[in-house]
Amino acid sequence: TIVSTKEMLLDAQKRKYAVPAFNIHNLETIRIVVEAAQELKSPVILAVTPSTVEYAGAEYLIAIARVAALKHSIPIALHLDHFNDIKLIKKYIDLGFSSAMIDASHDPFEENIKKTKEIVEYAKNLGVTVEAELGRLVGQEDDLVVEEKDSVFTNPTMALEFAERTNIDSLAVAIGTAHGLYKSEPKLDFDRLSQIKEKVSIPLVLHGASGVPVESIGKSIELGICKVNIATELKIPFADGVKKFFQKNPDASDPRKYLSAGMLPMKEVVMEKIKMCKSEGKV
Ligand code: 13P
Ligand code: ZN
Ligand code: NA
């Protein structure tokens, strides 16, 4: 069965690695991720945004993830990523999601706390883990767009208050990463991350990992990051593989052939990212 992210993240915290959370969209991308994770003996989180659930259907995603968990011997979690509709989160938890991010980071502090608490109270009884965010990442993640001027780094003192008052399992921090790729190499605020880590004892989550150099991810893990979110850097090799296939075979129409052309290059990146998270061999 699919598991929550609680034990996964606590083990990562104890043994100083991060569990990779890969944004997936369909059968093909789920299979690539779990097969790569199985080969490298890594725990893995399958993350879906609201628009992915709209696209693929919650029940289909849950069914595929459950089969994946049955077929493999690694821990697999199915996680709601960047959800801010309380009703929807509850509905998908009821259907079978094992972990959820309530992203009310765009609301004022007190409102963020209120919404997050409501989800925590609901999820805790059901053994579902809850991640929330304080601060705001610049960039675009599906329908979620944040302009540079609206981005906010996480305040360490407020992070402590937020974690204590909400009773969340993990906290997503804003320390200079962005959703999507970067115009120039991102500079992460490691001092801030250390200060947050000093105050907050629960596992910390890094969003926007696509485009961040391996060394910066490594340093973030040393400083307390236990979950790393990766989306954009998986979409690009898949799309490039499919594009190349059609350039070479403009008359092709067999989905098994053109989808396979995207799956192989994506799998290589998934494996690279597992190694980057140092979660290889942790199962
Ligand atoms: P990237 O697209 O930058 O990898 O961000 C992924 C993410 O944070 C998903 O929640
Ligand atoms: Zn994110
Ligand atoms: Na990014």
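Nothing here was measured: the structure is a model prediction, and the numbers come from that model.

Draft legend 1. Highlighting the environment of V48. With respect to the secondary-structure elements, V48 resides in strand β2 (residues 44-48). Put simply, V48 and H25 are 23 residues apart on the chain and 7.1 Å apart in space, counted from C-alpha to C-alpha. Setting aside residues no more than four positions away along its own chain, V48 makes contact with I24, V53, L61, L80 and D81.

Draft legend 2. Looking closely at the UniProt feature "active site" (unreviewed entry) in the chain. With numbering aligned to this structure, UniProt lists the feature "active site" (unreviewed entry) at D81. Structurally, D81 is set in strand β3 (residues 76-83). Aside from chain neighbours lying at most four places away, what touches D81 is N23, A47, V48, T49 and M101.

Draft legend 3. Focus on unusual backbone geometry. Of note in the backbone geometry, H82 takes a positive phi value of approximately 60 degrees without being a glycine. Of note, H82 is situated in strand β3. By the C-beta count within 10 Å, which is 25 here, H82 ends up buried.

Draft legend 4. Local environment of the UniProt feature "binding site: dihydroxyacetone phosphate" (unreviewed entry) in the chain. Annotation from UniProt places "binding site: dihydroxyacetone phosphate" (unreviewed entry) at G180, G208, A209, S210, N229, I230, A231 and T232. Taken along the chain, the residues just named run across 53 residues; in space they keep tight, none of their C-alpha pairs more than 11.0 Å apart. Residue classification places A209 among the buried residues on the basis of 26 C-beta atoms within 10 Å. Not counting chain neighbours up to four residues away, the residues in contact with A209 comprise T177, I217, V228, N229 and I230. Within the element layout of this structure, S210 appears in the loop between β10 (204-206) and α9 (214-222). Non-local contacts of S210, meaning those with residues more than four positions away in its chain, are made with G180, L181, I230, A231, T232 and E233.

Draft legend 5. Looking closely at the site of ligand 1. The full set close to ligand 1 counts 15 residues, and H207, S210, N229, A231 and T232 are the nearest of them. Going through the elements one at a time, β3, β11 (225-230) and α10 (232-248) are the ones with two or more residues in the shell around ligand 1. A class-by-class count of the residues in the shell around ligand 1 yields three nonpolar, nine polar and three charged.

Draft legend 6. Region of the structure containing the environment of K243. Relative to the assigned elements, K243 resides in helix α10. Considered as a pair, K243 and I2 are 241 residues apart in the sequence and their alpha carbons are 33 Å apart.

Draft legend 7. Representation of the sheet that holds β11 in the model. What the eight strands build is a closed barrel, ordered β1-β2-β3-β4-β5-β8-β10-β11; its pairing is parallel. For this sheet, the mean angle separating the axes of adjacent strands, direction not counted, is 25 degrees. Sheet topology places β3 next to strand β4 (residues 99-102); three bridges connect them, and they run parallel. Within the sheet, the bridge partner assigned to L80 lies in β4 and is A100.

Conventions used here
- Residues numbered from 1 in each chain as written.
- Chains lettered and ligands numbered in written order.
- Predicted model: local features only at pLDDT ≥ 70, side-chain atom pairs only at ≥ 80, totals over all residues.
- Helix = DSSP H or I, 4+ residues; strand = E, 2+ residues; numbered from the N terminus.
- Contact = placed C-beta atoms within 7 Å.
- UniProt positions renumbered as here; feature names shortened; annotations may be inferred.
- Buried ≥ 20, exposed ≤ 12 C-beta atoms within 10 Å, placed from the backbone.
- Near = placed C-beta within 6 Å.
- Nonpolar A, V, L, I, M, F, W, Y, C, P; charged D, E, K, R; others polar.
- Pairing = 2+ DSSP bridges.
- Axes fitted to C-alpha atoms, helices over the stretch in contact; angles between N-to-C directions.

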